[in-house]
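Read off the chains here:
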Amino acid sequence: MLAYDGTDFHGWQVQPGLATIQGTLEEVISSIEGRQVHVAGSGRTDAGVHALAQVAAFTIENPIPVVNLQRAINRMLPWSIRINEVEEVASDFHPRFDAKAKTYEYRILRSEICPPFERRYVHHHPYPLDVERMMKVAPLLEGEHDFSAFSATDEKYEAGASRVRRIFSSRLRAEGDRLLYRVRGSGFLKHMVRNIVGVLMEAGKGNLTCADVRARLEPECGIGAGPSVPARGLFLISVEY
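Residues numbered from 1 in each chain as written. Predicted model: local features only at pLDDT ≥ 70, side-chain atom pairs only at ≥ 80, totals over all residues. Heavy atoms only, no water.

### Points about the packing of helix α1 (residues 21-33) against helix α2 (residues 66-76)
Argument step 1. Direction vectors running N to C along α1 and α2 enclose 125 degrees, while the axes themselves pass 10 Å from each other. Relative to α2, the element α1 is oriented oblique. The two elements α1 and α2 cross, and the hand of that crossing is right-handed. Along its contact with α1, which presents Val 28, Ile 29, Ser 31 and Ile 32, the element α2 presents Ala 72, Ile 73 and Met 76.
Argument step 2. Here the residues of the contact of α1 with α2 sort into six nonpolar, one polar and no charged. (Axes fitted to C-alpha atoms, helices over the stretch in contact; angles between N-to-C directions. Helix = DSSP H or I, 4+ residues; strand = E, 2+ residues; numbered from the N terminus. Parallel < 35°, antiparallel > 145°, perpendicular 65-115°, else oblique. Left-handed = near helix turned anticlockwise from the far one by under 90°. Contact = heavy atoms within 4.5 Å. Nonpolar A, V, L, I, M, F, W, Y, C, P; charged D, E, K, R; others polar.)

As structure tokens, this is what we get:
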């Protein structure tokens, strides 16, 4: 299990010539193993998205005790990535395909001034919002729906992959000058959480009603995705197995 500040990375997935979480992990672990090692993750977080508890797996032949392996990897990783826990798992375990649920949290700061030490981790929005309406809209996403209207364009979806997902919980709460949106689901489409928050904010601005949001959950509704909020406010909180 690992945590990372995604600000300086181009997302999870390896991309030639770009700094990514997966690429950085593979470089470090491969140097320890002495051969190329593939690291699989529970999901592909986007550029700028953070994680408190991402799950990844890899196979090595070097018989290093897990505690020593954790220390060795952390010594070589940049400070923006930390391995919090290492354990041995079954050889057929896959962090993505075996996952039962994932939880994300999006953080909005509403104060007039955003502290410089928080700017990388919140979406600063010091403008009026109808928070009660946003709280009312959030649970409408719960259940199994076609989330095409909340998904960014992706080749696999264009090729016919299903955009149906099940959301177990979708709730917004206020804590002082912050709004925290937490969503738990079976899986998520590309930019899905950021697009959901964008729609919640449009409802908070008075631009969308509950009926408008329900319409976006209808199959083949034809409504385009968005608006999308910045990646910096999004955190992968947990992955369940």
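And the narrative resumes.
### Section: the packing of aromatic side chains
Argument step 1. Taken as a whole and judged by the stated rule, the model has four aromatic pairs.
Argument step 2. Both rings, one in Tyr 104 and one in Phe 188, keep their centres 5.2 Å apart while their planes meet at 85 degrees; by these two values the pair is edge-to-face. In this pair, Tyr 104 is assigned in strand β6 (residues 101-109) and Phe 188 in the loop between β10 (178-185) and α5 (192-204), connecting sequence segments 84 residues apart.
Argument step 3. With a relative accessible area of 10%, Tyr 104 lands in the buried category.
Argument step 4. Their ring planes at 65 degrees and their centres at 5.9 Å tell us that Phe 147 and Phe 150 sit as a pair that is edge-to-face.
Argument step 5. For Phe 147, a relative accessible area of 0% puts it in the buried group. (Phe/Tyr/Trp six-rings, centres within 6.5 Å; stacked < 30°, edge-to-face > 60°. Buried < 20%, exposed > 50% of the residue type's maximum accessible area, 1.4 Å probe, protein only.)

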